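Structural overview for review
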Amino acid sequence: MNPFLEIDRLTMRFGGLTAVDGLSFTVEHGAIHGLIGPNGAGKTTTFNAISGFYRPSGGEVRLRGEVISGLSMHEVARRGVIRTFQHSTLFAEMTVLENALMGTHMAFRPNVFAAIVGWDREDRRGAYARAVEALEFFGLEGLRGERAGDLAHGHQRALGMAIAYAAHPDVVLLDEPFTGMNPEETTRMMELMRKLRDSGVTILIVEHDMHAIMGLCDRITCMSFGKLLAEGGPAEIRSHPDVIEAYLGGARHVS
Amino acid sequence: MPRTVLLVILWAAVAAVLVALPHALSFSQQEILVFMTINLLVVASYRLLTLTGEWSLGHVVIVGVGAYASALYTKELGIPVPVSMLLGACTSALIAMGLSYPLFRMKGFYFLIGSFAAGEIIRLLWKRFREPFGGPKGIKGIDPMPDFSIGIWDFDFFEPVSYYYFAGAVVALCLWLLWRIERSPVGLTFHAVHWQDKLAQSAGVNVRAYRTLAFVVASGFAGLAGALGAHYIGTINPNGFDVETMVFVLTWTIVGGTATFYGPLMGCIALTVLNEIVLREMGFEQMRPLIYGAVLILSILFLPKGLESLVQKLVKPRRVEP
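Values in this document were obtained by computation on a predicted structure and should not be read as measured data. (Residues numbered from 1 in each chain as written. Chains lettered and ligands numbered in written order. Predicted model: local features only at pLDDT ≥ 70, side-chain atom pairs only at ≥ 80, totals over all residues. Heavy atoms only, no water.)

Our focus in this paragraph is the domain arrangement of chain B. All names here are of chain B. Splitting chain B by domain gives domain 1 (26-238) and domain 2 (242-322). Placing a centre on the C-alpha atoms of domain 1 and another on those of domain 2 gives a separation of 20 Å. Contacts between the two partners involve 26 residues from domain 1 and, on the opposite side, 23 residues from domain 2. Buried surface at the junction of domain 1 and domain 2, summed over both partners, amounts to about 2200 Å²; 79% is from carbon and sulfur atoms. Between domain 1 and domain 2 we count zero salt bridges in total. Seen at the junction of domain 1 and domain 2, the total is two residue pairs in polar contact (both at pLDDT 80 or more). Element by element, the count of residues in the side of domain 1 that touches domain 2 is highest for helix α2 (residues 27-51), at 11 residues. Residues that form the side of domain 1 that touches domain 2 fall into these classes: 15 nonpolar, seven polar and four charged. (Domains from an automatic or database assignment. Contact = heavy atoms within 4.5 Å. Buried area = accessible area lost by both parts, 1.4 Å probe. Salt bridge = Lys/Arg side-chain N within 4 Å of Asp/Glu carboxyl O. Polar contact = N/O pair within 3.5 Å; in protein donor to acceptor, adjacent residues only side chain to side chain. Helix = DSSP H or I, 4+ residues; strand = E, 2+ residues; numbered from the N terminus. Nonpolar A, V, L, I, M, F, W, Y, C, P; charged D, E, K, R; others polar.)

Spelled out as structure tokens, the structure:
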């Protein structure tokens, strides 16, 4: 059987700079997989190449054996890989409910003619139900009428995930979801992610917050300067000499 | 449902006022009323395009495409006027579809300039080719709407009042359609594409397709507006669709505000009344463009969110329910 999500010798070059260099790893179905590394290791670039934001210079990304690299972002999304963005990237001017409704776009594809004639009532009801379900899943149903840009930071991050969840994803790519969160918010967010995983969604997560990553991930891939450094469970990664060296920097020179 | 009853009464009152309106005006004011009605459709269709965040400088040329196409269909092919108007609208939509391939490689400011260039190309083609576009003098003697009568009412479409009723009915229908589109999930997607195109893409929205859709639908309605105008005036020329006219459309839209459906409509009505009726009556014939410009500057300074922001203070924000 094909691996679920397979990153195969992924290479990403910008001019003379090789940001990601022949990176390979696989993500198991139903796992929370962490992608870590020091600043500038190429984590976000990897992410952007998987989600279709960039077209890789070399290598492939396969979902259930199907090549998804090189497709545009909405095509990747339609195959079940939904990403979130760093910071609070939301439809800030729209309400919370409208944000969640955008997540239902693929399941209930809008149609101009149906909308004019009024034949899309069933679809609208379905989209509404799904959007409310997604908001309830992340505990946001009480805020549905608020403007998304006015929400607290933690709620904005949760809403970003709710949009992804509303799209019935197979894989969610979370780009630094814990940035700028206090420990309480982080703990709450970790719970939400476990809940998301338990609902059958595979999660690939890029993060700096080591506490969150170690407590959350089933498997961790560590990269440095665009290359794979180590892979394993949290305990392995924590004690891996290469990882420690990459993070603490040049231990060899000191000794 | 007392609210529904109230709405029905309200709309009936509005309709009654609109029907009675031309009889309270002078002949020249009736003509202005016809043009304003058609312009309402131009600004409303322009707003649909701005929903996706793209501002075009070629919209008036697209209006012209509808006018030229409809005029030529009647003149060269002998197609009856109401049908040719619809065909003119379709032609505008098709031209927009063709233009969308080069234009939607650009965004924002580049799209603005690109649309201006594309519009000028079309406009200069009209100027350059005497056959079939009539060159700089344009097309004269365009067939008017054929007269017809319903029972005791005779409609002679040379009469501004009759044409006002006809254009008013068409424009009202179009505005309703545009309103339906904007309030539908499609309209929500347009908004989403505007505010965060990357996030919309990650939710599976084909951003390019939606930009194109907005452009094509907006252009179709714009073309219909052009056709409505052409068969009323009876003559069109390339200079009627130049960038100066576009600036009028922009001014109406900006002064009215683009956050709501009614904003640009308010801008169009307010400025037309101000320009054509108040200033003319006051005898500012020569100074009208100057005052017009001053109004634009003042409204940007003191009403940056447009006339609509005055109304928004009175009504509650909108809610989405199934």
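As a further point, take helix α3 (residues 59-77) of chain B. Residues and elements named next belong to chain B. For α3, which comprises 19 residues, the first-to-last C-alpha distance of 26 Å matches the rise-based estimate of 27 Å (1.5 Å per residue) to within 8%. Within α3, 15 of the 19 residues are buried, leaving the element largely enclosed by the surrounding structure. Positive backbone phi, at 70°, marks Gly78, one or two positions downstream of α3. (Expected span 1.5 Å × (residues − 1). Buried < 20%, exposed > 50% of the residue type's maximum accessible area, 1.4 Å probe, protein only.)

Residue and element names in this part refer to chain B. Along the chain, the position of Gly64 falls in helix α3. For Gly64, a relative accessible area of 0% translates into the label buried. Placed 161 residues apart in sequence, Gly64 and Ala225 show a C-alpha to C-alpha distance of 9.0 Å. Those residues in contact with Gly64, other than ones at most four positions away along the chain, are Trp126 and Phe241.

Let's shift gears to the pairing of strand β3 (residues 32-36) of chain A. All names here are of chain A. In terms of burial, β3 is a largely internal element, five of the five residues being buried. The pairing of β3 with strand β8 (residues 202-206) spans four bridges and is classified as parallel. Bridging from a neighbouring strand, Gly34 pairs with Ile205 of β8. Inspection of the sheet shows β3 paired to strand β9 (residues 219-224) by four bridges, in the parallel sense. Looking at the pairing, Ile36 lines up with Cys222 of β9. (Pairing = 2+ DSSP bridges.)

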